[in-house]
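As a plain string of letters, each chain reads:
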Amino acid sequence: MTGLIAFVFVLSIVVTVHELGHFLAARACGVAIDCFSIGFGPKIVSWRDKTGVEWRIASIPLGGYVRFSGDDNAASVPDGGDLAILKSEIAAREGEAAVSRYYHFKPVWQRAFIAVAGPMANFVLAIVLFAALMMTLGEYRHPATVDRVPADGAAAAAGFKPGDLITKADGRRIKNFEDVGRYVILRSGLPIDFTVKRGDQTLHLVATPVQVEIVDKINGRMKVGRLSIENRSPSYHYRSSVWRAIPDATVEVWDQISTIGFYLGRLVTGQISADQISGVIGIGHAVGAMANATTVDAPNFETLLLRFFVGQMIMVATLSVSIGFMNLLPIPVLDGGHLVMYAYEAIAKRPLKAEFQAAGFRAGLALILGFMLFAAWNDLHRYDVFKFIGGLFS
């Protein structure tokens, strides 16, 4: 139950903020808006603001949506002919002046701005949350020193020795030992050029992480790269100042974006197995596992609530980055797909034909649904759901 509540809480915040980004950008551009819904399905409660927008809370609390005026029309995928018909209908119903308030008749740069505002809102949310956590709680880190090198590991083969200080990986600055782990984990089978300080010397050691399978409390069974070095140095507490929090959080968000992009690149080129893709089940498991891990053994109810809140804010920020990035992919139905169509319109000086848009949306929807089903299948295997069900009947 804790995991279910946490999952609904996290997903609702992330998707609602995404849609709020679209909403605020549309408001700034003077677009007529019919409805902003928190959740899907039948409405539980609703009200209208002074601009006529219906705000509603719906019965299925798994996200939300914003509906622009005219979007319930077939011209949601319009070409020139559809736009002419829609324009005449609006003019006859509301007058010529009202046409400019509708989304489809806004300049293409404004429509692109509205489309990109959703993912940008996700990134801003993540930056704000990470910055707040960095200023208030901070984090415990370890110096990027090598204290032990197992003889049969990739690090030993590359020439690492106890006492080495890792300063860079492929030219990327390493600030602490945790940075090494995050960099190595997705690079199994890829040679990494490490810059190492050994006494007064600066060396370059090339190591190729070995792929191993681990079971993680939060993410379940995973295949990751392992360098085989150990760090036993005492941890130190790092807390960002007020002036450093936003830059530090922005770097953290960019690192997560680049990590996702790198992972997808390796996936598309066949360098890593697709069985590592996770979906809604995996997200739900991770959120629930985080909730349970942060609240276990809490000495009192106040501490339990604080740990729960902090853990969920970390999950909100992390998931927000992922959803923002995925929505920018150039797939019809997603925001990135809309941006591609707007780019075509800006170059060709006319929208793509409605039949091509509709075909693209159908293909994009089929791709997304197929991806979700494939990810769900992976999740069922990753968390041994089939083994559990088989055990019930054995």
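Everything below is about the structure printed above this text.
Below you will find a few notes about this structure. Nothing here was measured: the structure is a model prediction, and the numbers come from that model.

## Things to note about the overall build of the protein
Then, in step 1: Across its full length, the protein holds 11 helices and 10 strands.
Then, in step 2: Within the protein, buried positions represent 41% of all 394 residues.
Then, in step 3: In the protein, the proportion of contacts linking residues at least 24 apart, taken out of those at least 6 apart, comes to 64%.
Then, in step 4: Here the protein displays about 20,900 Å² of accessible surface, and carbon together with sulfur accounts for 65% of that area.
Then, in step 5: In the protein, 37 side chains carry a positive charge and 34 a negative one; their mean positions are 2 Å apart.

## Examining the side chain of Gln256
Then, in step 1: Relative to the assigned elements, Gln256 resides in helix α6 (residues 242-268).
Then, in step 2: Looking at Gln256, the relative accessible area reads 17%, which means it is buried.
Then, in step 3: Here Gln256 is in contact with Phe130, Thr318 and Val321, once residues within four sequence places are set aside.

## Examining the packing of aromatic side chains
Then, in step 1: Summed over all chains, the structure comprises 6 aromatic pairs.
Then, in step 2: Ring centres of Phe68 and Tyr103 lie 5.0 Å apart, and the angle between their planes is 15°; this geometry places the pair in the stacked category. You can see Phe68 sitting in strand β2 (residues 54-68) and its partner Tyr103 sitting in the loop between α2 (80-94) and α3 (108-136), a full 35 residues away along the chain. Each member of the pair, Phe68 as well as Tyr103, carries the same accessibility label: buried.
Then, in step 3: Consider the rings of Phe160 and Phe194, whose centres lie 5.5 Å apart with planes at 75°: the pair is edge-to-face. Residue Phe160 is located in the loop between α4 (154-158) and β4 (165-169), and its partner Phe194 is located in strand β6 (residues 192-198); the two are separated by 34 residues in the primary sequence.
Then, in step 4: Among the aromatic residues, those joined into a ring-pair cluster are Phe23, Phe36 and Trp55.
Then, in step 5: The ring of Tyr238 has Arg141 sitting right over it, with the charged end atom 4.2 Å from the ring centre.
Then, in step 6: The ring of Phe262 carries the charged tip of Arg187 above its face, separated from the ring centre by 3.9 Å.

## Structural notes on the environment of Leu267
Then, in step 1: Relative to the assigned elements, Leu267 resides in helix α6.
Then, in step 2: Measuring from C-alpha to C-alpha, the distance between Leu267 and Ile277 comes to 9.1 Å, with 10 residues separating the pair along the chain.
Then, in step 3: Contacts of Leu267, omitting those with residues within four sequence positions, involve Ile272, Ser273, Ala274 and Ile277.

## What to know about the packing of α3 against helix α9 (residues 335-348)
Then, in step 1: Where α3 contacts α9, the two axes come as close as 9 Å, and the packing angle between them is 165°. In terms of their interaxial angle, α3 and α9 are classed as roughly antiparallel. Judged by the sense of rotation from one axis to the other, the crossing of α3 with α9 is left-handed. Where α3 abuts α9, its residues Val108, Arg111, Ala112, Ala115, Val116 and Pro119 lie against Asp335, His338, Leu339, Tyr342, Glu345 and Ala346.
Then, in step 2: Tallied by class, residues from the contact of α3 with α9 come to 8 nonpolar, 1 polar and 3 charged.

The rules behind these values
Residues numbered from 1 in each chain as written. Predicted model: local features only at pLDDT ≥ 70, side-chain atom pairs only at ≥ 80, totals over all residues. Heavy atoms only, no water. Helix = DSSP H or I, 4+ residues; strand = E, 2+ residues; numbered from the N terminus. Buried < 20%, exposed > 50% of the residue type's maximum accessible area, 1.4 Å probe, protein only. Contact = heavy atoms within 4.5 Å. Areas by Shrake-Rupley, 256 points an atom, 1.4 Å probe, with all protein chains shown as cover. Lys, Arg positive; Asp, Glu negative; His and termini not counted. Charge placed at Lys NZ, Arg CZ, Asp CG, Glu CD. Phe/Tyr/Trp six-rings, centres within 6.5 Å; stacked < 30°, edge-to-face > 60°. Lys NZ or Arg CZ within 6 Å of the ring centre and 35° of its normal. Axes fitted to C-alpha atoms, helices over the stretch in contact; angles between N-to-C directions. Parallel < 35°, antiparallel > 145°, perpendicular 65-115°, else oblique. Left-handed = near helix turned anticlockwise from the far one by under 90°. Nonpolar A, V, L, I, M, F, W, Y, C, P; charged D, E, K, R; others polar.

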